[in-house]
Amino acid sequence: MTVAIFSDLHLSSAKRPGHEALFVATLKSLRAEGVNELWLLGDIFDLMVGPFHFWIARHPEFFEEIKAWTDAGLSVVWIQGNHDFYLDELLTKRGVIVSDDFVERRFGNQRIYLAHGDLVNPSDTDYLKWRAFTRSAWVRQTLSLIPSPLRMKLLLGLGQKLSDRSRAQSRESGRSGLEELFILYAREKWDEGFQGVCLGHSHIETFLNDEQGHFFVNLGSWVNYSPRYALWNPGEYNCPQRYYVRDAGLST
Ligand SMILES: [Mn+2]
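Residues numbered from 1 in each chain as written. Predicted model: local features only at pLDDT ≥ 70, side-chain atom pairs only at ≥ 80, totals over all residues. Heavy atoms only, no water.

Participant: Can you walk me through helix α1 (residues 19-32) in this structure?
Facilitator: The periodicity of an α-helix, 3.6 residues per turn, causes residues three or four places apart in sequence to face the same way. With 14 residues, α1 should cover 20 Å at 1.5 Å per step; its first-to-last C-alpha distance of 20 Å lies within 8% of that length. Turning to α1, its buried residues number three or more, namely His19, Glu20, Leu22, Phe23, Val24, Thr26, Leu27 and Leu30. Looking at the buried positions of α1, the neighbouring elements they touch are β1 (3-6), β2 (37-40), α3 (60-71) and β12 (228-232). In the segment just after α1, Gly34 is the residue with positive phi, at about 95 degrees. (Helix = DSSP H or I, 4+ residues; strand = E, 2+ residues; numbered from the N terminus. Expected span 1.5 Å × (residues − 1). Buried < 20%, exposed > 50% of the residue type's maximum accessible area, 1.4 Å probe, protein only. Contact = heavy atoms within 4.5 Å.)

Set out below in structure tokens:
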């Protein structure tokens, strides 16, 4: 039993062309290698907001590959990020477990806590207000009422705002302060009885475990580190291991 973990790829054809193909190819090869479960922990896409068919038209290979996992009976967990949300309708239709907050996975007596991480910092009030606004029924309904040619324009504007907010957030708290905050949060979850905690969002890579076999993983991002993922075998009391995505593996 093996789980593959991804977060904060921020796939964008404009900013990082090639990363999306690399991601889909990696999913394909992990599936071929017999990986049983996939955890996608938010901000996989730099912009994918709303239950609109044009997301499928823009990213057909991704949606096909996800469907291939669930059709094979493999579990796929999608935690919505601050750049990719309101996708529950598109994804649950394809058999994906979707959450806007956190998901708990259980393996025997091991409990694993999965979240994006954008709710970790309670003093980040500007962002939390913005999150509440973008997740409100009003915005959700308004998005669905706008004629589709306008939606894309509106969403791209929203995407720019989302990027600005997250940049402002990391500037204010500082890198070490932010990392410390995420580690404290993970330790709280350990105290609550979780064996493992996997978060994203901060874009700060952290692999941590203790003598009791607790672990905390944050994979950083594909924006400021080279493309990576982690593999973990439930039942083993070790930290998930980081792997790099190699271009060489693409042709196979
Ligand atoms: Mn994020």
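Participant: Is there a simple way to think about the nonpolar core in this case?
Facilitator: Burial of nonpolar side chains together is a common tendency in soluble globular proteins. Ranked by size, the top nonpolar core spans 45 residues in total, and within it Phe6, Phe23, Leu40 and Trp55 carry the most contacts. The element that contributes the greatest number of residues to this core is α1, accounting for 5 residues. Leaving out residues up to four positions away in the same chain, Leu40 has contacts with Phe6, Phe23, Phe62, Ile66, Val76, Val77, Trp78 and Ile79. Counting 17 residues, the second-largest nonpolar core is a separate cluster that includes Val103, Leu114, Leu219 and Cys239. (Core = buried A, V, L, I, M, F, W, Y, C linked by side-chain atoms within 4.5 Å.)

Participant: Quick question: what am I supposed to make of the coordination of the manganese ion here?
Facilitator: Under ideal tetrahedral coordination, the four donors around a metal are separated by 109.5 degrees; under ideal octahedral coordination, the six donors are separated by 90 or 180 degrees. Distances from the manganese ion to its protein donors, namely Asp43 (OD), Asn82 (OD1), His116 (NE2) and His201 (ND1), fall within the range 2.1 to 2.2 Å. The buried category is assigned to Asp43, whose relative accessible area is 1%. Among the residues examined, His201 registers a relative accessible area of 7% and is labelled buried. (Donors = N, O, S within 2.8 Å, 3.2 Å for Na, K, Ca; no water.)

Participant: Is there a simple way to think about the sheet that holds strand β8 (residues 110-115) in this case?
Facilitator: Sheets are built from strands that pair by backbone hydrogen bonding, the pairs being arranged parallel or antiparallel. Taken together, the 5 strands give an open sheet; going across it, the order is β7-β8-β9-β11-β10, and neighbouring strands pair in mixed fashion. Each edge of the open sheet carries a strand with a single partner, namely β7 (102-107) and β10 (205-209). Direction aside, neighbouring strands of the sheet carry axes that sit 15 degrees apart on average. Where β10 and strand β11 (residues 215-219) come together, 5 bridges link them in antiparallel fashion. Paired with Phe207 across the strands is Val217, a residue of β11. (Pairing = 2+ DSSP bridges. Axes fitted to C-alpha atoms, helices over the stretch in contact; angles between N-to-C directions.)

Participant: Teacher, can you tell me more about the state of the cysteines here?
Facilitator: Note: disulfide means a covalent bond formed between the sulfur atoms of two cysteine side chains. For the structure on display, the rule yields 0 disulfides. Just so you know, Cys198 is unpaired, no disulfide at all, and the nearest cysteine sulfur is the one on Cys239, 8.4 Å from it. A residue is classified by how much of its surface remains accessible, and Cys198, at 1% relative accessible area, is buried. (Disulfide = S-S within 2.5 Å.)

Participant: What is the right way to look at the packing of aromatic side chains in this model?
Facilitator: Within a pair of aromatic rings, the relevant descriptors are the distance that separates the centres and the angle that separates the planes. Taken as a whole and judged by the stated rule, the model has 20 aromatic pairs. When the ring of Phe6 is compared with that of Phe23, the centres are 5.2 Å apart and the planes differ by 75 degrees; the resulting orientation is edge-to-face. Taken together, the positions of Phe6 in strand β1 and Phe23 in helix α1 put the pair 17 residues apart, joining distant regions of the chain. As far as the burial class goes, Phe6 and Phe23 line up, both buried. On the basis of an interplanar angle of 40 degrees and a centroid distance of 6.3 Å, the ring pair of Trp39 and Phe107 is categorised as tilted. In this pair, Trp39 is assigned in strand β2 and Phe107 in strand β7, connecting sequence segments 68 residues apart. Accessibility expressed as a relative area gives 0% for Trp39, which makes it buried. (Phe/Tyr/Trp six-rings, centres within 6.5 Å; stacked < 30°, edge-to-face > 60°.)

Just distances and angles here, no functional claims.
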